[in-house]
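As a plain string of letters, each chain reads:
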Amino acid sequence: VYQVFESVAKKYDVMNDSMTLGIHRVWKDILVHKMNPSPGTLLLDVAGGTGDIAFRFINYVRSVRERQLQRKLRHHQNLSWQEIAESYQEDKSKSLGDSQVVVCDINKEMLKVGKQKAQYLGYSEGLSWVLGNAEELPFDDDKFDVYTIAFGIRNVTRIDLALQEAYRVLKPGGRFLCLEFSQVSNSLLSRLYDLYSFQVIPVLGEVIAGDWKSYQYLVESIRRFPPQEEFKAMIEDAGFFKVDYQNLNSGIVAIHSGFKL
Amino acid sequence: VRCQLSPPHRALQGSAVLRRVSDEQKEPLASSQQQFDSHPTTHQPEQEPQGPRPSYTGQGGQESEDYESEEQLQHRILTAALEFVPEHGWTAEAIAEGAKTLGLSAAAAGMFHSDGSELILHFVSQCNTKLSELLEQEQKLVQLGEAEKKPTDQFLRDAVQARLRMLIPYIEKWPQALSILLLPHNIPSSLNLLTSMIDDIWHYAGDQSTDFNWYTRRAVLTGIYNTTELVMMQDSSPDFEDTWRFLENRVADAMNMGNTANQVQSTGEAVVQGLMGAAVTVSNAEPSRAVR
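The name given to chain B in an unreviewed UniProt entry is Ubiquinone biosynthesis protein, with the source organism recorded as Glareola pratincola. The UniProt entry for chain B carries this comment under Pathway (unreviewed entry): "Cofactor biosynthesis; ubiquinone biosynthesis." As stated in UniProt under Subcellular location (unreviewed entry), the record for chain B gives "Mitochondrion".

Going by an unreviewed UniProt entry, chain A carries the name COQ5 protein and comes from Glareola pratincola. Quoted verbatim from the Subunit (unreviewed entry) heading of the UniProt record, the comment on chain A is "Component of a multi-subunit COQ enzyme complex, composed of at least COQ3, COQ4, COQ5, COQ6, COQ7 and COQ9. Interacts with PYURF; the interaction is direct, stabilizes COQ5 protein and associates PYURF with COQ enzyme complex." What UniProt records for chain A under Function (unreviewed entry) is the sentence "Methyltransferase required for the conversion of 2-decaprenyl-6-methoxy-1,4-benzoquinol (DDMQH2) to 2-decaprenyl-3-methyl-6-methoxy-1,4-benzoquinol (DMQH2)."

Put into structure tokens, the structure is as follows:
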């Protein structure tokens with residue numbers, strides 16, 4: 001698994017766009033919307049290498065924070081100039097409202113690409129990059145508000161261990177969110193999808209990234225991943241409650257959600 | 001559908017937050033436990049997933065522990081969230097603040113719909129329960145001879161007033177709540193709560209009818225309640241005097257209508273007018289923020 005991602009790291013984003021025809025952006029947007037994070041949330045994004053989820057999280061929290069500040073200002077009709085100026089200053093310094101995201105990945109190359117992207121796009125505060133294994137996270141218990149893993153869990157050898165670790169590092173009340181390829185329910189779509197996966201994707205892999213094998217592996221790992229209900233049961237076994245899933249594009253991708261209660 | 005007996009380690013670990021149910025609740029769970037023990041390995045797809053969590057009896061004869069169900073925890077969160085409504089409105093933010101007071105992460109608000117529907121429905125249901133208890137107590141006093149039985153119009157006025165007074169702490173954000181309750185996906189629940197509350201009031205008012213009048217009385221009182229609620233939204237008089245006067249007049253009108261055929265028609269019209277007025281007033285009263 002490590003080697004696959006080493007070679008894939010640099011072209012990861014480009015490949016994602018071409019394979020999914022850009023829809024992966026929408027999927028990730030939906031994930032963050034579903035999360036609906038409030039300012040002050042501490043997010044752990046596992047296998048989040050190139051930072052897609054992290055950046056979206058920061059954008060979302062920033063806009064929520066702005067709306068909050070605007071609402072506060074509207075109530076400040078009767079304050080003196082001095083007081084208003086003071087409140088501007090203290091709010092400016094907390095544009096994220098203490099929210100933070102820790103991006104954890106097993107692969108150094110992916111993290112490197114992520115850091116470069118962050119610098120390029122201008123994300124600086126509220127971001128941390130940590131090298132770590134999903135099956136054995138280098139964090140204390142009860143730390144995070146939300147744990148996300150987008151398109152990463154199918155690459156984990158012992159999924160049950162990763163789920164247990166997720167449970168461990170989440171605060172009580174914390175949420176587990178997983179965005180992953182899943183089983184398509186519609187049979188016609190399923191045939192088209194299979195055709196696309198096995199014929200087109202490895203070819204794209206060869207042409208764009210110069211790597212047929214990795215993308216062949218990718219497609220096969222998608223097929224091997226347990227279907228929605230089974231994965232839901234695995235999440236429940238790890239101790240999560242109110243576990244549910246939402247199919248996107250009739251099952252090509254599913255978002256599973258669970259709470260540590 | 002988590003019906004299989006979980007492996008012993010789960011019973012020991014328990015859950016991080018769901019706390020133990022007090023002993024009084026052990027009784028009703030006993031029967032479901034019987035059913036459970038006799039099917040150690042088969043799944044029971046029929047079992048209510050929302051019911052109270054059955055006790056876990058591990059293989060080694062461990063202590064059976066009852067934990068509150070997720071639903072009960074959700075109720076606790078919503079109740080805690082109510083105190084933040086005047087500040088944040090009926091939103092996911094209020095729910096997040098409520099969760100934080102219980103020691104949970106704000107992410108727990110993700111369990112609920114992001115438009116705050118469940119919070120409002122929870123509140124309405126709580127108010128209805130309080131009203132029932134109040135009416136029950138009053139009835140007891142009458143039965144014990146410690147209080148006079150009120151005439152019907154007085155009774156209705158007092159009941160509606162008592163119920164509407166429960167809105168006073170949240171009155172500023174109530175128009176927002178009303179508009180959310182009118183959303184298509186909420187209408188079944190909100191209508192349900194409304195009709196059962198009206199039924200309750202008539203029940204305690206001593207309504208014995210089983211004939212056609214049953215419907216007209218419900219419709220009439222529903223109309224009175226809804227229109228009075230709307231008047232209250234726009235009332236700025238001290239202690240809402242104008243609203244109570246309006247209520248008095250409406251109840252008096254209703255009493256005078258009598259059992260004539262006209263009553264049916266005018267009731268229908270009044271109800272329709274009331275609903276139309278509701279829709280218009282609500283959409284005007286709230287500077288509409290996009291309802292997410």
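Trainee: Hey, could you run me through the pairing of strand β3 (residues 127-131) of chain A in this one?
Mentor: On any regular strand, side chains alternate: one points to one face of the sheet, the next to the other face. Pairing geometry for strand β2 (residues 100-105) of chain A and β3 of chain A, over five bridges, is parallel. Residue pairing in the sheet places aspartate 105 of chain A in a bridge with leucine 131 of chain A of β3 of chain A.

Trainee: Would you mind going over the nonpolar core with me for this structure?
Mentor: Here is a general trend for soluble globular proteins: nonpolar side chains tend to be buried in one another's company. The biggest cluster of nonpolar side chains holds 66 residues, and the ones touching the most others in it are Trp90, Leu119, Trp174 and Ile201 of chain B. Residues in contact with tryptophan 174 of chain B, not counting those within four places in the same chain, are Trp90, Ile120, Phe123, Val124, Leu167, Glu229 and Met233 of chain B. Counting 41 residues, the second-largest nonpolar core is a separate cluster that includes Val32, Leu127, Leu179 and Tyr193 of chain A.

Trainee: Help me understand the interface of chain B and chain A in this model?
Mentor: Frequently, the measure chosen for interface size is the accessible area that the parts lose on association. With 23 residues of chain B at the interface, the matching set in chain A holds 22 residues. Inspection of the chain B/chain A interface yields three residue pairs in polar contact (both at pLDDT 80 or more). Secondary structure elements with two or more residues in the side of chain B that touches chain A: α3 (70-81) and α5 (92-101) of chain B. The dominant element in the side of chain B that touches chain A, judged by the number of residues it contributes, is α3 of chain B, at three residues. Taken together, the residues of the side of chain B that touches chain A break down into 10 nonpolar, six polar and seven charged.

Trainee: How do you make sense of the packing of aromatic side chains when you look at a structure like this?
Mentor: One pair of aromatic rings is described through two measures. These are the centre distance and the angle between the planes. Overall, the coordinates contain 14 aromatic pairs over all chains when judged by the stated rule. Arranged with centres 5.2 Å apart and planes meeting at 85 degrees, the rings of phenylalanine 139 of chain A and phenylalanine 144 of chain A form a pair that is edge-to-face. Look at phenylalanine 139 of chain A and you get buried, because its relative accessible area is 14%. The exposure class of phenylalanine 144 of chain A is buried, given its relative accessible area of 2%. Taking 5.7 Å as the distance between ring centres and 70 degrees as the angle between the ring planes, the aromatic pair formed by tryptophan 90 of chain B and tryptophan 174 of chain B counts as edge-to-face. Residue tryptophan 90 of chain B is located in the loop between α4 (85-88) and α5, and its partner tryptophan 174 of chain B is located in helix α8 (residues 174-181); the two are separated by 84 residues in the primary sequence. Tryptophan 90 of chain B sits in the buried class, given a relative accessible area of 0%. Among the aromatic side chains, those forming a connected cluster through ring pairs are Tyr147, Tyr167, Phe176 and Phe240 of chain A. Taking the ring centre of phenylalanine 144 of chain A as reference, the NZ or CZ of lysine 143 of chain A above it sits at 5.8 Å.

Trainee: Would you explain the domain arrangement of chain B in this entry?
Mentor: All names here are of chain B. Each domain of chain B was delimited in the assignment, giving domain 1 (70-114) and domain 2 (117-270). Computed over C-alpha atoms, the centres of domain 1 and domain 2 are 28 Å apart. The interface is formed by 15 residues belonging to domain 1 together with 15 residues belonging to domain 2. For the pair domain 1 and domain 2, the summed buried area comes to about 1,300 Å², and 69% of that belongs to carbon and sulfur atoms. Counting the surface domain 1 buries against domain 2, the share from its top three residues, Leu82, Trp90 and His113, is 56%. Across the domain 1-domain 2 interface, the total number found is zero salt bridges. At the level of elements, α3, α4 and α5 are the ones that each hand at least two residues to the side of domain 1 that touches domain 2. Per-element tally for the side of domain 1 that touches domain 2: the top contributor is α3, with four residues. Here the residues of the side of domain 1 that touches domain 2 are counted per class, giving nine nonpolar, five polar and one charged.

Parameters at a glance
- Residues numbered from 1 in each chain as written.
- Chains lettered and ligands numbered in written order.
- Predicted model: local features only at pLDDT ≥ 70, side-chain atom pairs only at ≥ 80, totals over all residues.
- Heavy atoms only, no water.
- UniProt positions renumbered as here; feature names shortened; annotations may be inferred.
- Pairing = 2+ DSSP bridges.
- Helix = DSSP H or I, 4+ residues; strand = E, 2+ residues; numbered from the N terminus.
- Core = buried A, V, L, I, M, F, W, Y, C linked by side-chain atoms within 4.5 Å.
- Buried < 20%, exposed > 50% of the residue type's maximum accessible area, 1.4 Å probe, protein only.
- Contact = heavy atoms within 4.5 Å.
- Polar contact = N/O pair within 3.5 Å; in protein donor to acceptor, adjacent residues only side chain to side chain.
- Nonpolar A, V, L, I, M, F, W, Y, C, P; charged D, E, K, R; others polar.
- Phe/Tyr/Trp six-rings, centres within 6.5 Å; stacked < 30°, edge-to-face > 60°.
- Lys NZ or Arg CZ within 6 Å of the ring centre and 35° of its normal.
- Domains from an automatic or database assignment.
- Buried area = accessible area lost by both parts, 1.4 Å probe.
- Salt bridge = Lys/Arg side-chain N within 4 Å of Asp/Glu carboxyl O.

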